[in-house]
Amino acid sequence: MFSVPNLFTSLRLLLAPVVIRAILHGQHNLALAVFAIAAATDGLDGAIARQFKQITTAGAYLDPIADKVLLSGVYLALAIAEMLPWWFVALIFGRDLLILSFAVYAISFTTLRKFEPSVWGKLSTFLQIVTAVTWMARNVLMHPAVDVVANALIWPTAAATVWSGLHYAWRGLRTLRTH
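Criteria and thresholds
- Residues numbered from 1 in each chain as written.
- Predicted model: local features only at pLDDT ≥ 70, side-chain atom pairs only at ≥ 80, totals over all residues.
- Heavy atoms only, no water.
- Helix = DSSP H or I, 4+ residues; strand = E, 2+ residues; numbered from the N terminus.
- Rg over C-alpha atoms; globule rule 2.2 N^0.38 Å.
- Buried < 20%, exposed > 50% of the residue type's maximum accessible area, 1.4 Å probe, protein only.
- Contact = heavy atoms within 4.5 Å.
- Areas by Shrake-Rupley, 256 points an atom, 1.4 Å probe, with all protein chains shown as cover.
- Axes fitted to C-alpha atoms, helices over the stretch in contact; angles between N-to-C directions.
- Parallel < 35°, antiparallel > 145°, perpendicular 65-115°, else oblique.
- Left-handed = near helix turned anticlockwise from the far one by under 90°.
- Nonpolar A, V, L, I, M, F, W, Y, C, P; charged D, E, K, R; others polar.
- Polar contact = N/O pair within 3.5 Å; in protein donor to acceptor, adjacent residues only side chain to side chain.
- Phe/Tyr/Trp six-rings, centres within 6.5 Å; stacked < 30°, edge-to-face > 60°.

A.B. asks: Can you help me understand the overall build of the protein chain in this one?
C.D. replies: Each helix and strand counted, the protein chain has six helices and zero strands in total. For the protein chain, the succession of helices and strands along the chain, N to C, is α-α-α-α-α-α. On C-alpha atoms alone, the protein chain measures out to a radius of gyration of 17 Å, which is about the 16 Å that the 2.2 N^0.38 rule sets for 179 residues. With the C-alpha coordinates of the protein chain rotated into their principal frame, the extents come out at 50 × 35 × 25 Å. With 179 residues in all, the protein chain has 40% of them scored as buried. Within the protein chain, contacts between residues separated by at least 24 positions form 75% of all contacts whose residues are at least 6 apart in sequence. Of the accessible surface of the protein chain, which amounts to about 10,100 Å², a share of 72% is contributed by carbon and sulfur atoms.

Right, dumping it as structure tokens:
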């Protein structure tokens, strides 16, 4: 179903390869600008859907996919471009694989079909977005203060990523017991 929120989600999916290509080709200004637009669509789609009661099944499925395509692609590109440590990217991918594994198992062996995001997952995603923006901004602004902030953001983002992964695992096991 066509809706403005689904249009924003689709735009985020279309912008992901543009950001990734810009990172890999050293076009730092373009990467940062397009990522900022794509990240803004993440907040807009949900807010508009709730405000105007335009929540759709397609949107519920596409939104987390668009988030993961954008963030995973950006983090992978940042690591390939040697702008971000690989261990950090592996941590983010590990959490996402844990969540995906749970969802595949739940869909395959239970009647569970709805997977609500947690406050910890939202915090982790927010910090991942801020961290990606800051690491991309390092190459645009080239200011020592941005380096300090970028390096400092890795640790709370890593902690939130691990914590949200543990929380999803705990919540998932608890949910599976009831189904």
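A.B. asks: What is the right way to read the packing of helix 2 (residues 28–51) against helix 5 (residues 119–141) from this model?
C.D. replies: Packed helices, taken two at a time, are described by their axes: the angle between them and the distance between them. Between helix 2 and helix 5, the least distance of the axes is 9 Å, while the angle of their chain directions is 160°. Classified by the angle their axes make, helix 2 and helix 5 are roughly antiparallel. For the element pair helix 2 and helix 5, the recorded crossing hand is left-handed. Residues His 28, Asn 29, Ala 31, Leu 32, Phe 35, Ala 39 and Asp 42 of helix 2 form the contact with helix 5, whose participating residues are Thr 125, Ile 129, Ala 132, Val 133, Met 136, Ala 137, Asn 139 and Val 140. For the contact of helix 2 with helix 5, the residue count by class is ten nonpolar, four polar and one charged.

A.B. asks: How should the side chain of Thr 157 be read in this particular structure?
C.D. replies: Take Thr 157: it is sitting in helix 6 (residues 144–178). A polar contact is formed between the side chain of Thr 157 and the side chain of Thr 131, at a distance of 2.6 Å. With sequence-adjacent residues up to four places away left out, Thr 157 is seen in contact with Phe 88, Leu 127, Gln 128 and Thr 131.

A.B. asks: How do you make sense of the packing of aromatic side chains when you look at a structure like this?
C.D. replies: Each aromatic ring pair is specified by the distance between its two centres and by the angle formed by the two planes. For the structure on display, the rule yields five aromatic pairs. Taken together, a centroid distance of 4.9 Å and an interplanar angle of 45° make the contact between Tyr 105 and Phe 109 tilted. Taken together, the positions of Tyr 105 and Phe 109, both in helix 4 (residues 86–109) and four residues apart, correspond to about one turn of that helix. The partly exposed category is assigned to Tyr 105, whose relative accessible area is 43%. The exposed category is assigned to Phe 109, whose relative accessible area is 61%.

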